[in-house]
Structure formats: C-alpha cells, structure tokens
Amino acid sequence: MSGAAALGCGDAPVLRERGQREVFCGLTGIIWLHRKIQDAFFLVVGSRTCAHLIQSAAGVMIFAEPRFATAIIDERDLAGMADANDELDRVVDQLLARRPEIRLLFLVGSCPSEVIKLDLSRAAERLSATHMPQVRVLNYSGSGIETTFTQGEDACLASLVPILPREAPGAGSSLLVVGALAEVVEDQLRRLLEGMGIADVRFMPPRSALALPPVGPNTRYLLAQPFLADTARALEARGAVRIPAPFPLGAEGTTAWLQAAASAFGVAPERFDDATRAPLGRARQALARHREQLAGKSIFFFPDSQLEIPLARFLQREMDMRLVEVGTPYLHRQHLAEELAMLPAGTALSEGQNVDRQLDRARAARPDLVVCGLGLANPLEAEGIGTKWSIELLFTPIQGYDQAADLAELFARPLNRRLRLRV
Amino acid sequence: MQLTLWTYEGPPHVGAMRIATAMEGVHYVLHAPQGDTYADLLFTMIERQQKRPPVTYTTFQARDLGGDTAELFKNAVRDAHARFQPQALLVGASCTAELIQDDPGGLARALGLPVPVVALELPSYQKKENWGAAETFYQVVRAFAGPSVPPPGTTRPERAPGARPRCNVLGPAALGFRHRDDVAEITRLLAQLGIDVNVVAPMGATPADIARLGDAEFNVVLYPEIAGQAAAWLARGFGQKATKCVPIGIGGTRDFIHEVAALAGVDPAPALAGAPSRMPWYTRSVDSNYLTGKRVFVFGDATHAVAAARVARDEMGFTVVGLGTFSREFAREVREAAKLYDVEPLISDDYLEIEARITEAQPELVLGTQMERHIAKRLGIACAVISAPVHVQDFPARYSPVMGWEGANVLFDAWVHPLMMGLEEHLIGMFREDAEFHGDAAPSHLGHAAFLRPEPEPVAAAGPLVWAPDAEKEVGKIPFFVRGKARRNTEKFALDRGLATITVETLYDAKAHYGR
C-alpha cells in the first residue's frame, strides 16, 4: 500500500462529457435524510414530477406517512391567481397542524420553483418567524438544474451550518464527522475514535434537530462522504478546519481516514495501532473471502453518487479489480486528492455524461460489472452485462471496518449470482 | 398549491412515455431538466423491461438556462434521430421545460428530418399521467391514421362474402395493470368468435400499424382511460363503433361477448358455451360460504374499480361498503356505479382522505392499488391489488390476466388469498387461548404473518454466558429478521472460545467469523 502517490491519478486527464445525464436530482437525498434526522420534515415545493420521482426512487411506498411531502405547484400559482407565498404558508400551516412533532422543516426547492424564481429563503425566514421556537424552517435546493443526486445532501447539510451553535469560548479541539452515515456506523467510528483518546466527537447531520453540534475555530472536521463541497465551504466560513483524508471505505480507507484524525489530534502511533488492530484484522480476514471472487474482474462506473472514485480505489487496491472507466457526475479535486493519488496511473476517469456514448463504451469493453442507476441496470443485464445499482450504496451501511466485507459483498453478489444460475 | 404525500398518477409526460414505450419504431424526445430521467426506472425496474424506454431527455441544467436551451433541444432531436432511426418522433416538454416555453414541436419540425414529428402539448400543472397517455395516443392515432380518413359521407364498404370480421384492440400500454396478459386473453376470446384482430395499439404497434387502424370494422376499447379519446376520434373519422363493456368478471365477459358479437354480426353462442371458467363453480362451492357478506372497499382507476365492485357483489357474494377512484376524468362513471351499491362515491387523489374513508368503513377486504395495500397493512386489513399505480409485484411471471374467463379465475384466487380461510376463522373463535390462534393472528398460510408477532425472548444460553449491556444494545440495531441468527451465532462463537462475556467486539468478531 506504499508508493501509492507515485502511481496516482492526481493530474490525470479526465474525459468531460456533455450530453444526456442519466442521474437522479438532489431531491432523491430526502429518501435517506428524512430517516436520519428524526424530527425533521422535508417539504418539496415543486411539481407532480417531483412527488412522483421521490416515491418512485424510494422503490415502493413503504411508509404510510413519511416525513416528506410535496407542495405541488398548480396553474393557479403560475397564473398569479393565487399568491404562491400565501399558498405556501397555508400548506405549511396545514402540515404543522397535522405533524406537531416536527422541530425542523426544510423547504426544498425544485426545478419549477427555481425557474419561477420562488424565493424559498425568504419564505423560510418568514415561516421561521411565525413558527419559532416550536419549528425552525430552513431551505435548500434539490433541483435537477442545480444538483445531482447526492448533492442534495450537500445542499441540505450546508443549509444547517449557519444555525449550528457557536463552540464555547475556550473550548478544546473537537472533531466533527460530516456526512450522513448509518447509526451503526456512527457508533463504531465513535468507539474507535474514543478508543484512541479523541473524546469530543460529533456527527453531522445529527439524529435530532435539537442536538446540533457546535462549530468554531477549534473544530476540525472530517468528511465521511465525498460529495460535500458546499457544506465544507460553509463550515470553513465558521472557522472549522478540514482534515484531509481519503474516505472510510474498505479496510485501507478506514485506516487512512482514522489515521488522518489521529494525526490531527496527536494520537500516539502505539495507541492508534492498539485501537485499530483488532477491527482491521477482522476486516482483512472478512475481505479475503470476497477477493477470491472479485480479483481480476473488470468494473465500469457510470456517474451517479460521487462515491465512484473512493469505491474504485477500494475495489482496485483491496479487491484487485480492474478499472475500465470511473465516471463521476462531478470531480472535486481537492476533497478527492488523497483518493486520486491512490488510483493507478492511467485510470480512465470521466466527468459529466453522454449516456448513449458511455453505453457504447461499456458495450465495447464488456466489463464484468457495471455500477449504474436503476434506469440502466436491467437493460444492461439483458445484454449480458452484470450490474450493481449505485443507489444501494447510499442505503446500506458500507463505511468502516466492520462493513468493509459487506461493501465487497455488494459487488460480489451479482457475480456470484451469475455463476449459480443455469437458466 | 396542494399538499401531497403520495401520488396516484405521475405527470402527463410519464403517460406519454407509457405510449412511446409500448409502441415500436417511435422515439420520444423530451425537453426536461437533469433528474427527470428517473422515469426510465418505472419501465426498467417496475415492469422489468429489457430495453431502455425510447426516450431522449435534454437534461438541461441551470447553466444552460442562461444560454440557448432551444439549441440544446434541437441537437438532442438530431442526435436521437441519427442514433435510433425511428419511423416517427414524438416531442414534448416536462413540467420545468413547459415553463421556459421553447416550443419543442416547432423546433423539431424546423429541422426538416425525414420522419413525421408528433408534437405533444401536455399541460403539466393541470393534468396527470392517464390524461397524458390518452392525449398522446390520440395525437399518435390522428397523426398516422388521419391521412386515410375517407371524405365525410363515405359509407363503410360491406365486408367481402366469406371474410372474417376484423377489429382493433385499443388501450394496452406500458406500465398498465396486467395489460400484457389481458391482450392475450381477449385476442383468444375474439378468435373463438371468429373475429380477427387488425391492430393492437399502442402495445406493439408501429406508426405503420396505426396508419391502418381504419381497416378494422370496429374497435375493442379495453382501457377507456387510455383509448377512449382515440376511439371517439376513430368513430368520427372511420365510422368505427367501439365497445363499452369491459370484460372483467364472468358477467362483464358475457356482456362483452354479446356486445362484440353484435358489432361483428356473429353468433355469440360458441364463445359463451360453458363459460370455460372455474370461477362460477368455485364461488358456489360450499367452501366459499365464508365469503358471504364480507365487507369490501373498492378503490382504483375507474374501469377496474367499477368492474371490481360488480364482481365483488355479484360473483363473490361480498358487500361493497365503499367505491372510489383517483381519476377525476371518470368521476361520472364511478358515481353512477356507486348508486348500485348504495355507497357514497369517493372521488379523490388525496391519500390521507382515502385512508380516513377506509378506516371509517371498517372493511374486511380492500380491493385497491399499491397505495391502498399500505393503508390496509397499517390497519391490519386484507388487501388485493386491482389497478394501477403498479409495483413490481403486479407484473407476475405467470400468465395472469384480469380480463376474460381466465381473468375471472385470477380474480377469485387473488381476492380470496389474503383472507383467512373459513375453518381457520372458526378455530380462532374456538381456541382463543391457543398460542397459534390468538386474536391478533394473521392468516396462517401467509408467511409474513410471523412479522406481526413480537420477537421471541432470547434463548438463555447454556453456562455462564453474559451479554454486556453495550453488546445487547448493539444487537438491537440488527434488523429483526436476522437478529435471532446473529444472536445465536455470537453465542456459539463465544461458547466455542470459552468467553464469559459477550462484548460488542465479540459480536463483530463473530460476524467476521461467520461472514456470509
């Protein structure tokens, strides 16, 4: 695992494409965010398409009364027959009357609300003034014209940053882990960090809107997800300092991520080794089983979640897979610098998309596995190319040592299935 | 502005996609922002289509709005034509593109491509999916069959002596509830009557097929929500009559056969002979006695809801306690039907209102859509799905029509399955104290019944094995359906190693040990 920098992709050329992008918009993030912040509600101000997207992307209508809804704009709002702001106030009153447990309400902008220039930040201020202290109202955009898939989480978290409490004067250094993670993963990471003596660890987003982590110049933050450009900027504006690190995917990635925190907090190497030895050992042991199946297999990433580069790094370095093309909707060179340095030189990177041309490249390369969105998976399977849905990677605990093998298994399962089937 | 949790219908351009995807040889270029491509998954995931829908999206972003989105659209049309070589192009806008008013129809025509262009104007802020499907099918029919419309006053030529009557079958589309199998069933029924099918549309039809719709003598309209408007135009243009009866249930199928036989001038007797369905006997069998008077609440698209209510009362012996639809375009039909059952019709697409009405009606069975399935699950009521909106489960691998004789069999099975069988009901009445027959028991033949029961207490491990509190908490985070296995594996792992206390570390060591 040494000498990675010499092999890196830091300055590698990137194929930039502009054509049809087969990606979700940022509204999709609501599907996991509304489960994560348990007293928050997400009200999309948009069209019937927005409502239909969220319920379709959620797969099935699982929850009788979820913590999200859509205020559907109709022709009366557009024709000026109704004042859109009055209508929005009415809908919010109706919602809050029905759901008194809501403490934080996000007004989520959409393509139509952006195009008609409905000012949701002013609406949020106005509604906050009416409903505080019971309910705080924030806004962000999840529109497709502004955001791609996971950028919706970025926009949501960035909107939270200004309301984070200021850290107490004279507070010691604290660590803020940023990016939605499964609760089981948060608990594991917290135990590991505490085990090496980093006591003041907070997570963002918090599980409750009432438990916002404080932020200030003594806050060091560590990104747990690679798609948080705006959130990072907002945190830095509050004085927080980023700890550069690769992302906690795989045994190596998790170790490097923890190591970055340990170095920033001056943890002694022995103490770090003591804290990580056992989980690192069992992660490696559990990964070995999947390496047999994945080693030498080729993989092609369609752009979707911005997790593509860290995943490619994990699969190439720890699972010995061959990278055919690594597509990402957006390449944040600074946040991904450590990841890019670990990719083999010459890796084919692409940013943006022209889906038809990318499908041509995938068909020509016939990789063993394609990571793509739900719209493309079955058509590729029908052509005999194995696929892994990228959205599953957002709904499954995959970070940290004890999930490393689960992550590998997500990629091994479709290959395993193809080996079993005789029909 | 309307507060909406769940929607019964997508936007109208999704209706247009259902037509384009059902047809062959057409391509739909949709002016739409990035993200609207989600609609592809409806077809590839829910319906398990093996091909991508024939749709190209412009996927414009904010930076394009300042520039020339019209040029972006023209390039997308040109590229789509070059790559997919369709026989015809459909063009239109989704909700956001409608606001920027680029005129997709005008732009596409100006390109002078060598194929016809059908411009779709689907007002996203007024209309919904089924309307969009009907309007798109109508525009397609008008565009391709229009040139063959005879001059006004022309009478239809008589059928040649000895020739078989011919009809079109209209309405089956992509993402429809059992459309694939209904078409097969009804085509078979028509063949028994000696009637040939000229064209099935939109499902499987090319623009050239649409152009010869006028060759048929009459139209069979299977799904009025989708084909009603086109059939009305065909009636005006070609003098083709259209069927009104929907062949769902034994009675519905009989009425349909009589109607079709009259339109074709053939004898209905061969197709009616013996009514080759098991349903009439099954429902008369003594075993079905327990179905008598069961209270059912019916909700769906108008066609399926009205038909289901009739089957429920007349063929299953149920009592209809509610009838409604989410399609306002067909409210009149549902209101008429509701009078037959002496119930207040429910015309609404407000999920919460429908939930409230179902709760109030206290039915024993809900016949609804996937949305009502969730309402019923929450209320602990049995439910069978009778209508779109659909879910992957509504595209079964087996042949499973809801129309015709076989369709009646399917309805009987599908509606009886979620109910508790008669004898089992008695056992619960008799043996309330029995662990298996307690009051909250679900039908025993349904596997998920087990999910309703509380998790059994952890089995006390042999020896001095103790779960540390944090490990106990951690194991609680594991999904309940695998929790028992995780607990057993961890205890075995600890016992094998002579550990006295199970810590979080032990839990994960065991997880790594057993792996998958």
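Just so we're clear, the structure is a prediction, and the values are computed from it rather than from any experiment.

This paragraph deals with the sheet that holds strand β2 (residues 40–46) of chain A. Ordered by their spatial adjacency, 5 strands build an open sheet running β5(A)-β4(A)-β2(A)-β3(A)-β1(B), and the pairing between neighbours is mixed. In this open sheet, the two strands that pair with only one neighbour each are β5 (136–141) of chain A together with β1 (2–4) of chain B. Strand-to-strand twist of the sheet, defined as the mean angle between neighbouring strand axes without regard to direction, takes the value 25 degrees. Direction of pairing for β2(A) relative to strand β3 (residues 68–72) of chain A: parallel, over a ladder of 5 bridges. Residue Leu43(A) lies in a different strand from β3(A), and its bridge partner there is Ala69(A). Helix α5 (residues 84–98) of chain A contacts β2, β3 and β4 (104–109) of chain A together with β1 of chain B of the sheet and is inclined by roughly 150 degrees relative to β2(A). Sheet strands touched by helix α7 (residues 120–131) of chain A: β2, β4 and β5 of chain A. Its angle to β5(A), the strand with the most contacts, is close to 170 degrees.

Quick look at the environment of Leu223(A) now. Residue and element names in this part refer to chain A. Among the structural elements, leucine 223 can be located in strand β8 (residues 219–223). On the accessibility criterion, leucine 223 (4% relative accessible area) is buried. Measuring from C-alpha to C-alpha, the distance between leucine 223 and phenylalanine 247 comes to 7.4 Å, with 24 residues separating the pair along the chain. Once residues lying within four places of it in the same chain are set aside, the contact partners of leucine 223 are Val178, Leu228, Arg242, Phe247, Trp257 and His335.

Attention now moves to the sheet that holds strand β10 (residues 298–301) of chain A. All names here are of chain A. Across the sheet, 6 strands lie side by side as β1-β12-β11-β10-β13-β14; this open sheet has parallel pairing. The open sheet has two edge strands with one neighbour each: β1 (14–18) and β14 (386–389). Strand-to-strand twist across the sheet, computed as the mean angle between neighbouring axes with direction ignored, equals 20 degrees. Each of β13 (369–372) and β14 touches helix α16 (residues 374–382); the most contacted strand, β14, lies at about 165 degrees to it.

Before going further, it helps to spend a moment on the confidence of the model for chain B. Residue and element names in this part refer to chain B. Chain-level pLDDT for chain B is 90 on average; 90% of the residues reach the 70-or-more range. Per-residue pLDDT stays below 50 along residues 448–461; that stretch engages in 10 contacts with residues further than four places along the chain or on separate chains. The ipTM, which scores confidence in the relative placement of chains, is 0.94 for this predicted complex, and the corresponding pTM is 0.91.

In this section: the packing of aromatic side chains. Throughout the structure, instances matching the rule amount to 13 aromatic pairs over all chains. For the pair Trp32(A) and Phe149(A), a centre-to-centre distance of 5.8 Å together with 85 degrees between the ring planes defines the contact as edge-to-face. With Trp32(A) in helix α2 (residues 30–36) and Phe149(A) in the loop between β5 and α8 (151–160), this residue pair connects regions lying 117 residues apart in the sequence. For the pair shown, Trp32(A) and Phe149(A) are each scored as buried. On the basis of an interplanar angle of 80 degrees and a centroid distance of 6.3 Å, the ring pair of Trp233(B) and Phe238(B) is categorised as edge-to-face. Among the residues examined, Trp233(B) registers a relative accessible area of 12% and is labelled buried. The class of Phe238(B) is buried, set by a relative accessible area of 8%. Members of the aromatic cluster, joined through ring pairs, are Phe24(A), Trp32(A), Phe149(A) and Phe395(A). Against the face of Trp467(B) rests Arg487(B), its NZ or CZ located 5.1 Å from the ring centre. Just above the ring of Phe493(B) sits the side chain of Arg497(B); from NZ or CZ to the centre is 3.7 Å.

Cut-off values and rules
- Residues numbered from 1 in each chain as written.
- Chains lettered and ligands numbered in written order.
- Predicted model: local features only at pLDDT ≥ 70, side-chain atom pairs only at ≥ 80, totals over all residues.
- Heavy atoms only, no water.
- Pairing = 2+ DSSP bridges.
- Helix = DSSP H or I, 4+ residues; strand = E, 2+ residues; numbered from the N terminus.
- Axes fitted to C-alpha atoms, helices over the stretch in contact; angles between N-to-C directions.
- Contact = heavy atoms within 4.5 Å.
- Buried < 20%, exposed > 50% of the residue type's maximum accessible area, 1.4 Å probe, protein only.
- pLDDT = per-residue confidence, 0-100.
- Phe/Tyr/Trp six-rings, centres within 6.5 Å; stacked < 30°, edge-to-face > 60°.
- Lys NZ or Arg CZ within 6 Å of the ring centre and 35° of its normal.

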